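Breakdown of the fold
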Amino acid sequence: MKKIIPINGSFEMMTLPYAVDSLGVISAETLGFHHGKHLKTYVDNLNKMLPGSGLENMSLVDVVCKSSGGLFNNAGQVLNHTMYFEQFGFANHVPSGRMRQMIEKDFGSFDAFKKEFEQKGATLFGSGWVWLSIDADGKLVITQEPNAGNPVTSGLQPLLTFDVWEHAYYLDFQNRRADYLSALWQIVDWLVIERRL
Ligand code: MN
């Protein structure tokens, strides 16, 4: 996972690696609000809460692992959204190489993995995130995290995440969270995921 560090005491807002109207399954309206308003608020709040917290100048993962309350919520949401927005693109929509081998070993097939991932996302009650991570034994695991949760706090290495807060899909899919989850496979760039190994 790429290390995210503060510059002159502040974390910077990540830039989308694609045009706001280019993803198709996520509309420009959703992406504009989600990246431009929701993430911006989390970044601004994180930078307001850092001074005096004792966690200044740490990496974002370290802030997430060592904080609690409002600071944890905002730091977690900055880390989660950065990983979410960075994993989409226009190629490599199926895993290959080492990533494919790991998925087939631990889930049987890519289809079986996608089914379990979507099911865990659809059944997460309220707001949160569904994650694919690697555990300490090198095994892939799918977990649900409520609110701003990130698997790094459980000692896992996160690879892939789908945001299931309603702000991620409501303008495009209304209450149909399962349809949003199944559509996202069309834009996941598995080379980005593989680089997080
Ligand atoms: Mn979100």
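That block above? That's the structure.
Along each chain, residues carry numbers from 1 onward, in the same order as the chain's sequence is written. Owing to the predicted nature of the model, reporting of local features is limited to residues with pLDDT of at least 70; listing and counting of side-chain atom pairs is limited to 80 or more, with chain, interface and lining totals taken over all residues. No hydrogens and no water enter the side-chain calculation; it runs on all heavy atoms of the structure.

Secondary structure is summarised from DSSP: a helix means a run of H or I of at least four residues, a strand means a run of E of at least two, and numbering begins at the N terminus for each. Secondary-structure assignment places Pro 146 in strand β2 (residues 140-146). It only takes one pair of heavy atoms within 4.5 Å for two residues to be counted as in contact. Beyond its immediate chain neighbours, meaning those up to four positions away, Pro 146 contacts Ser 127 and Gly 128.

This brings us to helix α4 (residues 97-107). Exposure categories follow from relative accessible area, calculated using a 1.4 Å probe and restricted to protein chains: below 20% of the type maximum is buried, above 50% is exposed, and the middle band is partly exposed. Every buried residue of α4 is accounted for by Met 99, Met 102, Ile 103, Asp 106 and Phe 107. Axial view of α4: buried residues confined to an arc of 100°, hence all on one face. In α4, the exposed residues that point more than 90 degrees away from the buried face are Gln 101 and Lys 105. Elements that come into contact with the buried residues of α4 comprise α5 (110-122), β1 (128-134), β2, β3 (157-163) and α8 (190-195). Trailing α4 by a residue or two, Gly 108 shows a phi angle of about 95°, which is positive. Think of it as the arc spanned by the lines of direction from the helix axis to the C-beta atoms.

Here we take up unusual backbone geometry. The backbone phi angle of Asn 147 is positive, close to 55°, even though this residue is not glycine. Positionally, Asn 147 belongs in the loop between β2 and β3. With relative accessibility at 43%, the residue Asn 147 sits in the partly exposed group. The phi dihedral of Gln 174 falls on the positive side, at around 50°, and the residue is not glycine. Mapped onto the secondary structure, Gln 174 falls in the loop between α6 (170-173) and α7 (177-183). Relative accessible area serves as the criterion here: at 33%, Gln 174 is assigned to the partly exposed category.

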